[in-house]
Amino acid sequence: MLDPQLLRKKLEDTARILKTRNCDLDVARLQTLEERRKVLQVRTEELRNLRNTRSKAIGAAKAAGGGAGALMAEVKELGGELEQCEAQLNGVREEFTAIARQIPNLPHDTVPRGADESDNREERRWGEAARKDFTPVDHAELGAGLGMMDFASAAALAGARFVVMSGALARLHRALARFMLDLHTGEHGYTEVMTPFIVNSDTLYGTGQLPKFADDQFQLAGERGFYLIPTAEVPLTNLVKDRIVTAAELPMHLVAHTPCFRREAGAHGKDTRGMIRQHQFEKVELVHITRPQDSWDTLELLAGHAEAVLQRLELPYRVVTLCTGDMGFSAAKTYDLEVWLPGQNRYREISSCSNCEAFQARRMRARWRNPDSGPEYLHTLNGSGVAVGRALVAVMENFQNADGTVTVPDALRPYMNGEERIGRG
RNA sequence: GGAGAGGUGGCUGAGCGGUCUAAAGCGGCGGUCUUGAAAACCGCAGGGGGCAUUGCCCUCCGGGGGUUCGAAUCCCUCCCUCUCCGCCA
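The rules behind each value
- Throughout this description, residue numbers start from 1 for each chain and increase along the sequence as written.
- Going through the entries in the order they are written, you letter the chains from A and number the ligands from 1.
- Per-residue local features of the predicted model are confined to residues with pLDDT of at least 70, and side-chain atom pairs are confined, for both listing and counting, to 80 or more; whole-chain, interface and lining totals are unaffected and use all residues.
- To obtain the side-chain values, all non-hydrogen atoms of the structure were included, while hydrogens and water were left out.
- For two strands to be treated as a pair, DSSP must find no fewer than two bridges joining them.
- Strands here are runs of E lasting at least two residues and helices are runs of H or I lasting at least four, both read from the DSSP assignment and numbered beginning at the N terminus.
- Note on definitions. A residue lies near a molecule or strand when any single heavy atom of the residue is within 4 Å of it.
- A 3.5 Å cut-off defines polar contacts: any pair of N or O atoms within that distance qualifies, except that in protein one atom must be a possible hydrogen donor and the other a possible acceptor, and neighbouring residues in sequence count only when both atoms are side-chain atoms.
- Here the term charged refers only to Asp, Glu, Lys and Arg, the term nonpolar to Ala, Val, Leu, Ile, Met, Phe, Trp, Tyr, Cys and Pro, and the term polar to all other amino acids, Gly among them.
- Relative accessibility under 20% of the residue-type maximum defines a buried residue, over 50% an exposed one, and the middle range a partly exposed one, all with a 1.4 Å probe and only protein chains included.
- Only buried Ala, Val, Leu, Ile, Met, Phe, Trp, Tyr and Cys residues count toward a nonpolar core, and they belong to the same one when joined by side-chain atoms within 4.5 Å.
- Whether two residues are in contact is decided by their heavy atoms, any of which lying within 4.5 Å being enough.
- Helix span is expected to be 1.5 Å times the residue number reduced by one.
- Salt bridges are defined by distance alone: a side-chain nitrogen of Lys or Arg within 4 Å of a carboxyl oxygen of Asp or Glu.
- Ring geometry is summarised as follows: Phe, Tyr and Trp rings, the Trp one being its six-membered ring, pair when their centres sit within 6.5 Å, and such pairs are stacked at plane angles under 30 degrees, edge-to-face over 60 and tilted between the two.
- Charge over a ring is defined by NZ of Lys or CZ of Arg lying within 6 Å of the ring centre and within 35 degrees of the ring normal.

Student: Mind showing me how you'd approach the sheet that holds strand β9 (residues 280-290) here?
Tutor: To summarise the sheet geometry, strands pair through backbone hydrogen bonds and adopt either a parallel or an antiparallel arrangement. What the eight strands build is an open sheet, ordered β1-β10-β11-β12-β15-β9-β8-β4; its pairing is mixed. The open sheet terminates on both sides in strands that have one partner only, identified here as β1 (121-126) and β4 (191-192). Here three bridges tie strand β12 (residues 346-355) to strand β15 (residues 379-387), and the two strands are oriented antiparallel to one another. Within β15, the position partnered with Ser-354 by the bridge is Asn-382.

Here is the structure:
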């Protein structure tokens, strides 16, 4: 949610900036609504004030033992107009917020203007794609060759976009998650958190998945309105929902390893091979809750923590800044980490690190008590540290050998009983 | 799943149709006293919003709805917490 004042007082400027995000504001409609709101709100509050004072007079008259019939009739009369005003005001407010809730965050000044991913700006590269003296294959072929990655069984169990892994590969998957958690808690100062994997709609609204992206979520049957989390960003960030935290509690550095569930409704026919895009995957997620003045430094820190994972795993990657047209709904600025995948001969996203500034905090009513002023909205940041499934893909493809075996990166060997190589049998 | 008891400001907790403009205690901030601190005493202080401008008003007692001239208080509904029973990893 943007600051409503921007939509009232700086509507034209805001609309112009939002255009770079492929978002067209109905400026005229918003202006009309704002004008009506003002009139209706003032009148409604006037009427309420009148009703309150008259009702008190009735109480006083009765206490004094007198009759109050005339007054009571008057207030009852007043109630009719009040009810009308309130109904109209609510209507205007609902339409205004319905529009406001669909508006994405404003991009930071350093974000490149652009329409799609071709306009993203590459910031830096790390590592070199290992030149092999054989033609590398992709992870799906490798996994099948090892007899440890089975898409057919997964399809029989659940359908497309699922996978069954077994043996050393399943263990490698677990090793990756453990390695990441240990790195972030042990060396980067994060607090490990175990959260629910099911949340209510209010929580999803807080981080921006609802109402606009309902089609991407798995909703559970029943009347409770439960959803499976699409990322641990949702439960972690919402830990400060409806709270005013003290300065001493900040900054918060949280890490969680959770499954993530996504409908991938708009991705038909995209990444259908292998386990790049699944309905269920695991991710180690990093969340920072900070004072407003600290969030931009924190974004660099956060991206560095995600990069450290890839560096320890010796995986080549590059960092790109997403352009205005490619950014997510809640973000003011996003760095994507793209890992090199020899099997696809290209870089693929493995982590996305965003500063949302106060956008999510405003939706969550998450504030801190600024000792110099008063309650202020927090800034929230999130980043993958990193996606476990895609990390497995990257390790397999980058560490594959000509004979179809996969070398275990040094950083993972403590989690693999010292095993150096994954091979058939 | 069944039966019962509850949800009030940062915390504890009173209030159960009309000075609720929400008691009191604890905690917090400022001051007096003190070499300093503690104690004691005095004072200050909730969140959100509107209009104006330095003040006035609206709103908030778990969420939503209703009754009433008037709701923290009565009714309906949902959520949450606790106790007992049942079931269960």
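Student: So what exactly am I meant to see when it comes to the protein's contact with RNA strand B here?
Tutor: For RNA strand B, the set of nearby residues contains 22 residues, the closest of which are Arg-8, Asn-49, Ser-55, Val-75 and Arg-224. In the interface set of RNA strand B, defined as its atoms within 4 Å of the protein, sugar plus phosphate atoms amount to 75%. Asn-49 is positioned with one of its side-chain polar atoms (N or O) 2.7 Å from a sugar or linking oxygen of RNA strand B. Take Asn-52: an N or O atom from its side chain is 3.3 Å from a phosphate oxygen of RNA strand B. Contributions of two or more residues to the surface near RNA strand B are made by α1 (4-9), α3 (27-63), α4 (69-100) and β13 (367-369). With 13 residues, the single largest contributor to the surface near RNA strand B is α3. Residue composition of the surface near RNA strand B, by class: four nonpolar, six polar and 12 charged.

Student: Just to check I follow, could you spell out the pairing of β15 for this structure?
Tutor: Consecutive residues of a regular strand have side chains that alternate between opposite faces of the sheet. Within β15, nine of the nine residues are buried, which leaves it mostly tucked inside the rest of the structure. Bridge analysis of β9 against β15 gives seven bridges, and the strand direction is antiparallel. Paired with Val-287 across the strands is Asn-382, a residue of β15.

Student: Could you clarify how one ought to interpret the nonpolar core in this entry?
Tutor: Across soluble globular proteins, nonpolar side chains show a tendency to be buried alongside one another. Core analysis: the biggest nonpolar cluster contains 55 residues, and Leu-176, Phe-179, Met-180, Leu-392 and Ile-422 have the highest contact counts within it. When residues in this core are grouped by element, the largest group, 10 residues, is from helix α7 (residues 167-186). Formed by 27 residues, the second largest nonpolar core is a distinct cluster that contains Leu-18, Leu-40, Tyr-205 and Phe-329.

Student: I tried to follow the sheet that holds β13 on my own but got confused; where do I start?
Tutor: With mixed pairing, three strands are arranged side by side in an open sheet as β7-β13-β14. The open sheet terminates on both sides in strands that have one partner only, identified here as β7 (244-245) and β14 (375-377). Relative to β13, β7 runs parallel, the two sharing two bridges. Note that in β13 the partner of Val-245 across the bridge is Trp-368.

Student: Would you explain the side chain of His-288 in this entry?
Tutor: With respect to the helices and strands, His-288 occurs in strand β9. Judged by relative accessible area, which is 0%, His-288 ranks as buried. Reaching out from His-288, the side chain makes a polar contact with the side chain of Tyr-190 at a distance of 2.6 Å. Apart from residues no more than four positions distant in its own chain, His-288 is found in contact with Tyr-190, Met-252, His-253, Thr-298, Leu-301, Leu-302, His-305, His-379, Thr-380 and Leu-381.

Student: Honestly, the pairing of strand β10 (residues 317-321) in this entry has me stumped. Any pointers?
Tutor: Of all five residues making up β10, four are buried, and the element is well covered by its neighbours. As paired strands, β1 and β10 are joined by five bridges and run antiparallel to one another. The partner of Arg-121 across the bridge, within β10, is Thr-321. Pairing between β10 and strand β11 (residues 333-341): five bridges, direction antiparallel. Bridge assignment links Tyr-317 to a residue of β11, and that residue is Val-339.

Student: Help me out: how do you make sense of α4 in this one?
Tutor: An α-helical turn contains 3.6 residues, so any two residues separated by three or four positions project in the same direction. The terminal C-alpha atoms of α4 lie 46 Å apart, and with 32 residues this matches the ideal 46 Å at 1.5 Å per residue to within 8%. Residues Val-75, Leu-78, Leu-82, Cys-85, Leu-89, Val-92, Phe-96 and Ala-100 constitute the buried set of α4. Summarising the contacts, the buried residues of α4 are in contact with α1 and α3.

Student: Is there a simple way to think about the pattern of salt bridges in this case?
Tutor: Any two side chains of opposite charge can pair if their charged atoms end up close together. Applying the stated criterion across every chain yields a total of 26 salt bridges. The closest approach of N and O atoms between Glu-74 and Arg-54, which form a salt bridge, is 2.2 Å. Placement of Glu-74 in helix α4 and of Arg-54 in helix α3 is noted, with a sequence separation of 20 residues between them. Overall, Arg-54 belongs to the partly exposed group, its relative accessible area being 28%. A salt bridge links Arg-318 to Glu-122; the nearest nitrogen and oxygen atoms lie 2.6 Å apart. Within this pair, whereas Arg-318 is found in strand β10, its partner Glu-122 is found in strand β1, the two being separated by 196 residues in sequence. By sharing partners, the salt bridges in this structure join Glu-122, Arg-125, Arg-318 and Glu-338 into a single network.

Student: Help me out: how do you make sense of the packing of aromatic side chains in this one?
Tutor: Geometrically, a pair of aromatic rings is defined through the distance of the ring centres and the angle of the planes. On inspection of all chains with the given rule, the structure shows four aromatic pairs. Aromatic pair Trp-126 and Tyr-317: ring centres 5.7 Å apart, planes at 20°, arrangement stacked. With Trp-126 in strand β1 and Tyr-317 in strand β10, this residue pair connects regions lying 191 residues apart in the sequence. Assessed through its relative accessible area of 1%, Tyr-317 is described here as buried. Judged by centre distance (5.1 Å) and plane angle (70°), the ring pair of Trp-340 and Tyr-347 falls under edge-to-face. Taken as a pair, Trp-340 and Tyr-347 share a single burial class, namely buried. Clustering of aromatic rings is evident, with ring pairs tying together Phe-213, Phe-329 and Phe-359. Looking at Arg-363, its charged tip hangs above the ring of Tyr-205, at a distance of 4.1 Å from the centre.

As far as function goes, none of this settles anything; it's purely spatial.
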